[in-house]
Amino acid sequence: MTRANLPEGAEDPISSAVVARDVSTLDMVAEAVKHNHTMLAFQPVMQALPPHETAFYEGYMRVLDATGRVIPARDFMHVVYDKEIGRELDCLALQHGLRALSNSPQIRLSINMSARSIGYRRWTKVLENFLKKDKNIGERLVLEITEASAMDAPELVIDFMDRMQKYGIAFALDNFGAGTTAIGHFREFFFDAVKVDGQFIRGICSNLDNQAVTRALVGIAKQFDMLVVAESVETQAEAEFLVSIGVDCLQGFLYGAPTVSPPWLEEMKERNRA
């Protein structure tokens, strides 16, 4: 029986299952936040050109479910994005990230945020408190905001970026190319970097359309003097092609999956063993 042919008053079983799943996800996230069962997973973003060192790390939000499993953001963020619990997760992500920067002064770290967080007092308080404790910590912080989120409230985002410039905080436009950023607004933003959406990067060597789109996105970013990061790089051939068209940094499984064990600590151990 199709949805259109359901008897009047009958529930669509597929819709009911989706709602039940979302409620379960919300409950799981709420419990994780309540008991502080949250953490960041870190992935390196590599320089495209020699000496091919780590430019910075990106911190991805993770929560633990009731069994202790680490749950990635893709499994819950779409459910909590527009809810209060989503803002609380943004606060915790920022807090975890700033603590990592405070404990490891040799690294730079990017943290995801949304336009909604700018007006959330607790989130701004977390940022203000760390900036007061360490006047230089902002120079090692990159805040990533998706194209869609930036366009939800462009004036709010532009004002926030303007106010944060004095602290040296860098801003990256995430999922570049996936949204509908108006060029008029693009000129007004203070983005230091763009991250080309992974849908254009995966399999780029054999996809002429994606090659054309990525070249165009790189050209736009370069016109505005922005660093270009390519997401979802999985093969050496993809990396070489991206370097050839002017991409500055590379991120993806080719260089390591996100890990809850800070990779810079592992790198320090390796250097000490050598």
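As a reminder, the structure under discussion sits directly above these lines.
About the thresholds
- Here the residue numbering is sequential within each chain, running from 1 through the sequence in written order.
- Local features in this predicted model are restricted to residues of pLDDT 70 or higher, and side-chain atom pairs are both shown and tallied only at a pLDDT of 80 or more, whereas totals for entire chains, interfaces and linings draw on every residue.
- Side-chain measures here rest on the full set of heavy atoms in the structure, leaving out hydrogens and waters.
- The helix and strand labels rest on DSSP assignments: H or I over at least four residues marks a helix, E over at least two residues marks a strand, and numbering proceeds from the N terminus.
- When we talk radius of gyration, it's over C-alpha atoms, and the globule rule is simply 2.2 Å times the number of residues to the 0.38.
- Burial status follows relative accessibility: with a 1.4 Å probe on protein chains alone, a residue under 20% of its type maximum counts as buried, one over 50% as exposed, and anything between as partly exposed.
- A contact between two residues is defined here by any heavy atoms of the two lying within 4.5 Å.
- In these tables, accessible area is a Shrake-Rupley quantity obtained with a 1.4 Å probe, and a residue counts as shielded only by the protein chains included in the view.
- Note that His is not counted, nor are the chain ends; the positive residues are Lys and Arg, and the negative ones are Asp and Glu.
- Taken as the charge location is NZ of Lys, CZ of Arg, CG of Asp or CD of Glu.
- Ring pairs are drawn from Phe, Tyr and Trp, using the six-membered ring of Trp, whenever the two centres fall within 6.5 Å, and their geometry is named by plane angle: stacked under 30 degrees, edge-to-face over 60, tilted for the rest.
- In this scheme, Lys NZ or Arg CZ marks a charge over a ring once it lies within 6 Å of the ring centre and within 35 degrees of the ring normal.
- Definition used in this section: a nonpolar core is a set of buried Ala, Val, Leu, Ile, Met, Phe, Trp, Tyr and Cys residues joined via side-chain atoms within 4.5 Å.
- Cysteine sulfur atoms are paired as a disulfide whenever they fall within 2.5 Å.
- We define a salt bridge as a contact between a side-chain nitrogen of Lys or Arg and a carboxyl oxygen of Asp or Glu at a distance within 4 Å.
- Think of a 1 Å grid over the protein atoms and nothing else: a 1.4 Å probe that fits but is trapped marks a cavity, an open set flanked by protein within 12 Å on at least five of seven lines marks a pocket, and residues with an atom within 4 Å of a point count as lining.
- Grid points are joined across faces, edges and corners, and a volume is the space filled by probe spheres set on the points.
- Three classes are used: nonpolar for Ala, Val, Leu, Ile, Met, Phe, Trp, Tyr, Cys and Pro, charged for Asp, Glu, Lys and Arg, and polar for all others, with Gly counted as polar.

1. Brief notes about the overall build of the chain
Here's step 1: A count of helices and strands for the chain gives 11 helices and nine strands.
Here's step 2: The globule rule puts the C-alpha radius of gyration for 274 residues at 19 Å, and the 20 Å found for the chain is close to it.
Here's step 3: In terms of its C-alpha atoms, the chain occupies a principal-axis envelope of roughly 65 × 50 × 45 Å.
Here's step 4: Burial analysis of the chain (274 residues in total) assigns 45% to the buried set.
Here's step 5: A fraction of 66% describes how many contacts in the chain between residues 6 or more apart in sequence connect residues 24 or more apart.
Here's step 6: Just so you have it, the chain exposes about 14,100 Å², and 52% of that area is on carbon and sulfur atoms.
Here's step 7: Here the chain carries 28 positive and 37 negative side-chain charges, and the mean point of each set is 7 Å from the other.

2. Here's the deal with the packing of aromatic side chains
Within a pair of aromatic rings, the relevant descriptors are the distance that separates the centres and the angle that separates the planes.
Here's step 1: Using the criterion set out here, one finds five aromatic pairs in the structure.
Here's step 2: Measuring from ring centre to ring centre gives 5.1 Å for Phe 189 and Phe 191, while their planes differ by 50 degrees; the resulting arrangement is tilted. Here the two residues Phe 189 and Phe 191 agree in accessibility, since each one is buried.
Here's step 3: An aromatic cluster of three or more residues is present, and its members are Phe 42, Tyr 57 and Trp 264.
Here's step 4: Of note, Arg 87 hangs over the ring of Tyr 81, and the distance from its end group to the ring centre comes to 5.9 Å.
Here's step 5: Taking the ring centre of Phe 130 as reference, the NZ or CZ of Lys 133 above it sits at 4.8 Å.

3. Quick notes on unusual backbone geometry
Here's step 1: Cis geometry marks the peptide bond from Pro 50 to Pro 51; its omega dihedral reads 10 degrees.
Here's step 2: Among the secondary structure elements, Pro 51 is positioned in the loop between strand 1 (38-47) and strand 2 (54-64).
Here's step 3: Here the phi dihedral of His 52 falls at roughly 55 degrees; this positive angle occurs in a residue that is not glycine.
Here's step 4: Along the chain, His 52 turns up in the loop between strand 1 and strand 2.
Here's step 5: Given the relative accessible area of 44%, His 52 is considered partly exposed.

4. Considering the nonpolar core
Here's step 1: Counting 72 residues, the largest nonpolar core has Leu 127 and Leu 143 as the members making the most contacts within it.
Here's step 2: In terms of residues, this core owes the most to one element, helix 3 (residues 84-103), which gives nine residues.

5. Observations concerning the state of the cysteines
One way to say it: the disulfide is the covalent bond shared by the sulfur atoms of two cysteines.
Here's step 1: Applying the stated criterion to the full structure yields zero disulfides.
Here's step 2: Take Cys 249: it sits in no disulfide, and the sulfur closest to it among the cysteines is that of Cys 205, at 19 Å.
Here's step 3: Taking the relative accessible area as the measure of exposure, Cys 249 reaches 4% and is therefore buried.

6. Side note on the pattern of salt bridges
Here's step 1: Following the criterion strictly, the structure yields eight salt bridges and no others.
Here's step 2: Residues Arg 87 and Asp 90 are paired through a salt bridge, measuring 3.2 Å at the closest nitrogen-oxygen approach. Pair noted here: Arg 87 and Asp 90 are both in helix 3, with a separation of three residues, about one helical turn.
Here's step 3: Given the relative accessible area of 7%, Arg 87 is considered buried.
Here's step 4: Across the pair Glu 144 and Lys 195 runs a salt bridge, and its minimum N-O distance is 2.9 Å. Of this pair, Glu 144 sits in strand 5 (residues 141-146) while Lys 195 sits in strand 7 (residues 193-196), placing them 51 residues apart in sequence.
Here's step 5: Under the relative-accessibility criterion, Glu 144 is labelled buried at 0%.
Here's step 6: On the basis of relative accessibility, which here comes to 0%, the residue Lys 195 falls in the buried class.
Here's step 7: Each of Glu 58, Glu 144 and Lys 195 takes part in salt bridges that share partners, so that together they form one network.

7. Some thoughts on the environment of Pro 72
Here's step 1: Following the sequence through the fold, Pro 72 ends up in strand 3 (residues 70-72).
Here's step 2: Using a relative accessible area of 11% as the deciding quantity, one classes Pro 72 as buried.
Here's step 3: Once the C-alpha coordinates of Pro 72 and Leu 143 are considered, the two residues, 71 residues apart in sequence, prove to be 19 Å apart.
Here's step 4: Beyond its immediate stretch of four places on either side in the chain, Pro 72 contacts Met 61 and Arg 62.

8. So, the layout of surface pockets
Here's step 1: Considered as a void within the structure, the largest pocket measures approximately 1,100 Å³ in volume.
Here's step 2: Along the wall of the largest pocket there are 38 residues; nearest its centre are Glu 58, Tyr 60, Ala 73, Asn 112 and Asp 174.
Here's step 3: Of all the secondary-structure elements, those providing two or more residues to the lining of the largest pocket are strand 1, strand 2, strand 3, helix 3, strand 4 (109-113), helix 6 (147-152) and strand 6 (170-176).
Here's step 4: Counting residues per element, the lining of the largest pocket draws most heavily on strand 2, at five residues.
Here's step 5: The class makeup of the residues in the lining of the largest pocket is 16 nonpolar, 13 polar and nine charged.
Here's step 6: Reported here for the second largest pocket is a volume of approximately 180 Å³.

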